[in-house]
Amino acid sequence: MDILKKALVLNKEARVYIVSNKDTVNEAINRHNLWPGATSVLGKTFSIAQMMGSMLKGREALTIKINGGNGQVGNIIVDANSKGEVRGYVDNPHVSIVNNSGGMNDYYAIGTQGMIDVIKDLKLKELFTSSIECTGDLASDFTYYFFESEQTPSVVYLGMLIDVDNTCKLSGGLIIQLLPNASEKTICYLEDIIKQYPSFNDLLENNNLEQILTLLFKDDYEVVETRKVSFKCSCSKDNFSKALLTLGKKDLEEIVNEDHHIEAVCHYCGEKYNFDEEELNEIIKSIK
């Protein structure tokens, strides 16, 4: 079961979001037939999105769009909401690029010459959009995003291990954010943590979330929320039926006459929806 925790740490001078989400990633592997390189970058984007989603309220939601320009996976698109639900895909799921040590090479998978867009739907008149340059290192890129776009000094950790059978062995992330009242002592302590624990994989592999919090902050933390997170898509046959209306009467009639059916596939989750001739004719009749 995938879990996300929010906590106040270091005399409540900093806040933490921490997630473990290998089931979410394995769901995406199964739905999109992901190869390890694509799994690494999509899974890490899931971790970021679920943690950022937990910062939202009510029906608020966000979308992360990553196009590294020269990356092998092409576009990475991920949606998340305040409930911990996430969905997403990459243009090219069949990417498996390793570095010299045998780990995933995210730089080549993502690319280093593009942009990252974060679009927030805060249920206001307009969407809030912020863009930063993409370096191929998602943890560093989103550390910069929080400082530049949200004026919140932050540290972002991301972890991912893929097993020999192409399943996700572990996946997760950690965001530490300084609050306005943070003292110099707290800032120095966080700087020491960064030096002492450069790899989040090691923390995830040997500890659960509560143990990681204890390891990093001793007993100086308070968990304020624990929630389940998951892969969940909002697509439905009814939604696709409404989308088919936009094709227009002429195009739908051509489909009926030539193919007698249509199969619609959701980019986000891979779910397939079949419309037979009778269903298509009903859609055509509804067009005025």
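One can find the structure itself at the top, above this paragraph.
First, a word on scope: everything that follows refers to the structure included in this document.

**Points about the packing of aromatic side chains**
Item 1. Enumeration over the complete set of coordinates arrives at six aromatic pairs.
Item 2. For the ring pair Tyr157 and Phe200, a centre distance of 6.0 Å and an interplane angle of 35° mean the geometry is tilted. Highlighted residues: Tyr157 in strand S8 (residues 154–162) and Phe200 in helix H6 (residues 200–206), separated in sequence by 43 residues.
Item 3. On the numbers, 5.3 Å between centres and 35° between planes, the contact of Phe240 with Tyr273 is tilted. Taken as a pair, Phe240 in helix H8 (residues 237–245) and Tyr273 in strand S13 (residues 272–275) lie far apart in primary sequence, 33 residues in all.
Item 4. Members of the aromatic cluster, each reached through a chain of ring pairs, are Phe142, Tyr145 and Phe146.
Item 5. The lysine or arginine in question, Arg87, covers the ring of Tyr268, its NZ or CZ lying 3.7 Å from the ring centre.
Item 6. Here the guanidinium or amino end of Lys237 rests over the ring plane of Phe275, the centre of that ring lying 5.0 Å away.

**Considerations on the sheet that holds strand S6 (residues 114–121)**
Item 1. The six strands are arranged S7-S6-S3-S4-S5-S11 in an open sheet whose pairing can be described as mixed. Strands at the two margins of the open sheet, each flanked by one partner only, are strand S7 (128–134) and strand S11 (230–231).
Item 2. Across seven bridges, S6 lies against S7 in antiparallel orientation. Its bridge partner lying in S7, Val118 is registered against Ser130.
Item 3. Across the sheet, helix H2 (residues 36–53) is in contact with strand S3 (61–67), strand S4 (76–81), strand S5 (85–90), S6 and S11; its angle to S4 comes to roughly 30°.

**Some remarks on the environment of Leu56**
Item 1. Note that Leu56 resides in the loop between H2 and S3.
Item 2. In this structure, the C-alpha to C-alpha distance between Leu56 and Leu215, residues 159 residues apart in sequence, is 27 Å.
Item 3. Not counting the four nearest positions on each side in its chain, Leu56 is found in contact with Ala61, Leu62, Ser82 and Leu122.

**Some remarks on helix H1 (residues 22–32)**
Item 1. Buried within H1 we find Thr24, Val25, Asn26, Ala28, Ile29 and His32.
Item 2. The elements touched by buried residues of H1 are H2, S5, S8, strand S9 (168–178) and S11.
Item 3. After H1 finishes, the residue Asn33 shows a positive phi value of roughly 55°.

**Thoughts on the nonpolar core**
Item 1. Counting 63 residues, the largest nonpolar core has Met52, Ile64, Ile76, Phe142 and Phe275 as the members making the most contacts within it.
Item 2. Among the elements that make up this core, the one with the highest residue count is H2 (eight residues).
Item 3. In this structure Ile64 touches Thr45, Ile48, Ala49, Met52, Ile76, Ile77, Val78, Ile116, Asp117, Val118 and Phe142, once residues within four positions along its chain are discounted.
Item 4. Formed by 25 residues, the second largest nonpolar core is a distinct cluster that contains Val9, Val155, Tyr157 and Leu190.

**Quick word on the pairing of S13**
Side chains on a regular strand alternate between the two faces of the sheet.
Item 1. Here S13 shows a clear split, with Tyr273 and Phe275 buried on one side and none of Lys272 and Asn274 buried on the other.
Item 2. Counting the residues that bridge the hairpin from strand S12 (residues 262–265) to S13 gives six residues, and of these Gly270 lies at a positive phi of roughly 80°.

The rules behind the values
- Residues numbered from 1 in each chain as written.
- Predicted model: local features only at pLDDT ≥ 70, side-chain atom pairs only at ≥ 80, totals over all residues.
- Heavy atoms only, no water.
- Phe/Tyr/Trp six-rings, centres within 6.5 Å; stacked < 30°, edge-to-face > 60°.
- Helix = DSSP H or I, 4+ residues; strand = E, 2+ residues; numbered from the N terminus.
- Lys NZ or Arg CZ within 6 Å of the ring centre and 35° of its normal.
- Pairing = 2+ DSSP bridges.
- Contact = heavy atoms within 4.5 Å.
- Axes fitted to C-alpha atoms, helices over the stretch in contact; angles between N-to-C directions.
- Buried < 20%, exposed > 50% of the residue type's maximum accessible area, 1.4 Å probe, protein only.
- Core = buried A, V, L, I, M, F, W, Y, C linked by side-chain atoms within 4.5 Å.

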